[in-house]
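# Residue-level structure breakdown
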Amino acid sequence: MRPVRTALLLGGLALLLTGLTGLLTDPHVSDPFDVLLWAAGLLVLHDGVWLALVCGVGAALTGRPVLRGWLVVVAAVGAVAVPAVLRAGDDHGNPTLLPLPYLRNGLLFLAASAATAALAALVRRAVRKAPRAGR
């Protein structure tokens, strides 16, 4: 397991370095420090507030791990998708700004992820109830 973790760590650091290099060399970024400051604030907001809130609500609402995992996924995707859904039709005459049916796609994602979570819960229940060999 250690080589896998090491490979994932090195891959993540390589992606981080690629992103930082792109940020610092992008001609459209006039002040990279402001962008880094914004990213640090976003990290604090996400990990310190949003993630803590989602995990706390999930733990308070349910002790079922599949349901809790689904709630975390829906909250994370919702945080990204809700602004696009709320801006639907607000393209200022440029239909390429928001070209997709975000509400429909969001509802399809909710349905697919709920079905996947329900299937995972059923499989989990079936595995728990299956007779164990050697008993």
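The structure this text deals with has already been given above.
Throughout what follows, the structure given in this document is the object of discussion. (Residues numbered from 1 in each chain as written. Predicted model: local features only at pLDDT ≥ 70, side-chain atom pairs only at ≥ 80, totals over all residues. Heavy atoms only, no water.)

Let us now look at the overall build of the chain. The helix and strand inventory of the chain stands at four helices and zero strands. Secondary structure elements in the chain, listed N-terminal to C-terminal, are α-α-α-α. Along the longest, intermediate and shortest principal axes, the C-alpha atoms of the chain span 70 × 45 × 25 Å. Looking at the chain as a whole, 7% of its 135 residues are labelled buried. (Helix = DSSP H or I, 4+ residues; strand = E, 2+ residues; numbered from the N terminus. Buried < 20%, exposed > 50% of the residue type's maximum accessible area, 1.4 Å probe, protein only.)

To continue, consider the environment of V4. With respect to the helices and strands, V4 occurs in helix α1 (residues 2–25). Along the sequence, V4 and P131 sit 127 residues apart, while their C-alpha atoms lie 33 Å from each other.

Tracing the backbone through its elements, the reader meets S113 in helix α4 (residues 102–129). Note on S113: relative accessible area 12%, which makes it buried. A distance of 2.9 Å separates polar atoms of two side chains, one belonging to S113 and the other to W70. Not counting the four nearest positions on each side in its chain, S113 is found in contact with W70 and V74. (Polar contact = N/O pair within 3.5 Å; in protein donor to acceptor, adjacent residues only side chain to side chain. Contact = heavy atoms within 4.5 Å.)

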